[in-house]
Amino acid sequence: MPHILDGKKVAQKLKEQLKVEIDNIKLKFKRVPGLAVIQVGNVAASSVYVKAKTKAANEVGINVFDHHLKDTIEQGELLNLINQLNNHNDVDGILVQLPLPKSFNEQKILDSITPEKDADGFHPINVGKLSISQKNDENLLIPCTPFGCLLLLKELNIDLVGKNAVVIGRSNIVGKPMAQLLIKESCTVTIVHSKTVDIEKICKKADILIAAIGKPELVNKNWVKDGAIVIDVGINRIKLNENKSKLVGDVFFNEVKENTMAISPVPGGVGPMTIACLLRNTTTSCKNRLA
Ligand code: GUN
């Protein structure tokens, strides 16, 4: 039987630890970590994520500064807001929910967040730090989804050294930072993507397979080696009929799961871990700023 990687449970455990840390910060410094959450426009999926992030932050005692802006605002107004938050002493983390409306230069916006408050770990300084840092640098701000995937893997208590890891997807948010984290664990890492030749054959060699390509149930049993560990980052809504839809991952879970050592479900796998890691980054920013 495969081990089903229960992201809700692991995220809850991390949140309990963060609560204790935040209580200690409160006792010692008479304040709590603050997270500014910026959403521009009303993309439905973004609203769901922002709501979930805000709720989770409140649960662990993080103070949320909510900034929901109309999609008609100018880029300059958003840059001004970020500048204010960069200088606001009670704000330790700043998150700009992506994607931004097409008229915005996303990278320019991410670059304007001061690296010390970069709750997503997307600023070039933090991307660079992740790539050159030692394995256990606790002060790093690490992109939340790949960090959550790594923590799920660690739950298995297996030796990751020398394992053949294949990451499907080369995004800045997941694929590339995931590869960096796995390299730090001394895995042998391959990134495959939409233009890769023989993608199935390469995936089939993976001891650890991370699917972050955004294609519903693309990864079937022909892609997965017997006994592999499979982490599914995909969150895809598919229509069942006129009135009904459901969430599925990038992995064809029911077909793939039987032959795996461990597999993460969708929902209830990586999703809750992403949110817990955002809270971890905010707490880390706060600790770094108070040190
Ligand atoms: N959109 C999709 N994933 C993410 C994420 O991890 N952070 C932000 N800010 N936006 C996202």
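First things first, this report covers the structure right here in the doc. (Residues numbered from 1 in each chain as written. Predicted model: local features only at pLDDT ≥ 70, side-chain atom pairs only at ≥ 80, totals over all residues. Heavy atoms only, no water.)

1. Considering a nonpolar patch on the surface
Working step 1: On the surface, Val48, Tyr49 and Ile235 cluster together into a nonpolar patch covering about 260 Å² of accessible area.
Working step 2: One can find isoleucine 235 in the loop between strand E8 (229-232) and strand E9 (236-239).
Working step 3: The class for isoleucine 235 is partly exposed, based on a relative accessible area of 40%. (Patch = residues over 30% accessible without salt bridge, like charges linked within 9 Å, V, L, I, M, F, W, Y side chains within 5 Å. Areas by Shrake-Rupley, 256 points an atom, 1.4 Å probe, with all protein chains shown as cover. Salt bridge = Lys/Arg side-chain N within 4 Å of Asp/Glu carboxyl O. Helix = DSSP H or I, 4+ residues; strand = E, 2+ residues; numbered from the N terminus. Buried < 20%, exposed > 50% of the residue type's maximum accessible area, 1.4 Å probe, protein only.)

2. Comments concerning helix H7 (residues 175-184)
Working step 1: Across the 10 residues that make up H7, a large majority, seven, are buried.
Working step 2: Within the sequence span of H7, burial applies to Gly175, Pro177, Met178, Ala179, Leu181, Leu182 and Lys184.
Working step 3: Buried residues belonging to H7 abut helix H5 (124-132), helix H6 (144-154), strand E5 (164-168), strand E6 (188-192) and strand E7 (208-211). (Contact = heavy atoms within 4.5 Å.)

3. Re the nonpolar core
Working step 1: Grouped together as the largest cluster of nonpolar side chains are 48 residues, with contacts concentrated most on Leu182, Ile208, Ile210 and Ile231.
Working step 2: If you tally residues by element for this core, the top one is helix H10 (residues 270-290), at seven residues.
Working step 3: Residues contacting isoleucine 208, with those up to four places away along its chain left out, are Leu153, Leu160, Lys163, Asn164, Ala165, Val166, Cys187 and Ile229.
Working step 4: By size, the runner-up hydrophobic cluster in this structure holds 19 residues, among which are Val96, Leu98, Ile113 and Phe122. (Core = buried A, V, L, I, M, F, W, Y, C linked by side-chain atoms within 4.5 Å.)

4. Concerning the environment of proline 99
Working step 1: Positionally, proline 99 belongs in the loop between strand E4 (93-96) and helix H4 (106-112).
Working step 2: Among the residues examined, proline 99 registers a relative accessible area of 49% and is labelled partly exposed.
Working step 3: Among residues more than four places away in sequence, those in contact with proline 99 are Ser46 and Glu106.

5. Focus: the packing of helix H1 (residues 7-29) against H10
Working step 1: Where H1 meets H10, the closest approach of the two axes is 9 Å, and the angle between their N-to-C directions is 20 degrees. In terms of orientation, H1 and H10 fall into the roughly parallel class. Crossing of H1 over H10 shows left-handed handedness. Only Pro272, Met273, Ala276, Cys277, Leu279, Arg280, Thr283, Cys286, Lys287 and Leu290 of H10 make contact with H1, whose side of the interface consists of Gly7, Lys8, Val10, Ala11, Leu14, Lys15, Leu18, Glu21, Ile22, Ile25 and Phe29.
Working step 2: Of the residues that constitute the contact of H1 with H10, the class distribution is 14 nonpolar, two polar and five charged. (Axes fitted to C-alpha atoms, helices over the stretch in contact; angles between N-to-C directions. Parallel < 35°, antiparallel > 145°, perpendicular 65-115°, else oblique. Left-handed = near helix turned anticlockwise from the far one by under 90°. Nonpolar A, V, L, I, M, F, W, Y, C, P; charged D, E, K, R; others polar.)

6. A short note on the sheet that holds E5
Working step 1: Taken in spatial order, the six strands line up as E1-E11-E8-E7-E5-E6 in an open sheet, and their pairing is parallel. Lying at the two open borders of the sheet, with one neighbouring strand each, are strand E1 (3-4) and E6.
Working step 2: The pairing of E5 with E6 spans five bridges and is classified as parallel. Along E6, the bridge assignment pairs asparagine 164 with threonine 188. (Pairing = 2+ DSSP bridges.)

7. Overview of unusual backbone geometry
Working step 1: Across the junction of leucine 98 and proline 99, the peptide omega takes the value 5 degrees, indicating a cis bond.
Working step 2: With omega at -5 degrees, the peptide bond leading from valine 266 into proline 267 counts as cis.
Working step 3: Here proline 267 lies in the loop between strand E11 (262-263) and H10.
Working step 4: Notably, lysine 30 is not glycine yet its phi reads approximately 60 degrees, a positive angle.
Working step 5: Mapped onto the secondary structure, lysine 30 falls in the loop between H1 and strand E2 (34-40).
Working step 6: Its identity as a non-glycine residue notwithstanding, serine 186 has a phi of 65 degrees, on the positive side.

8. Regarding the sheet that holds E2
Working step 1: Spatial strand order, E3-E2-E4: three strands in an open sheet with parallel pairing. Because the sheet does not close on itself, it has two edges, and the strands there are strand E3 (63-69) and E4. Mean inter-strand twist for the sheet, computed between neighbouring axes without regard to direction, equals 15 degrees.
Working step 2: When E2 meets E4, the two strands line up parallel, connected through four bridges. When the bridges of E4 are listed, valine 37 appears paired with leucine 95.
Working step 3: Packing of helix H2 (residues 44-60) onto the sheet brings it into contact with E2, E3 and E4, and relative to E2 it is tilted by some 170 degrees.

9. What about the site of the ligand?
Working step 1: Within the structure, the ligand sits among Lys53, Leu95, Val96, Gln97, Leu98, Asp120 and Phe122.
Working step 2: Taking glutamine 97, its side chain carries an N or O atom lying 3.4 Å from a nitrogen atom of the ligand.
Working step 3: Between leucine 98 and the ligand, the recorded distance is 3.0 Å, taken from a backbone N or O atom to a nitrogen atom.
Working step 4: Protein contacts shield 83% of the accessible area of the ligand, which totals 280 Å² for the unbound molecule.
Working step 5: Grouping the amino acids of the shell around the ligand by side-chain chemistry returns four nonpolar, one polar and two charged. (Near = heavy atom within 4 Å. Polar contact = N/O pair within 3.5 Å; in protein donor to acceptor, adjacent residues only side chain to side chain.)

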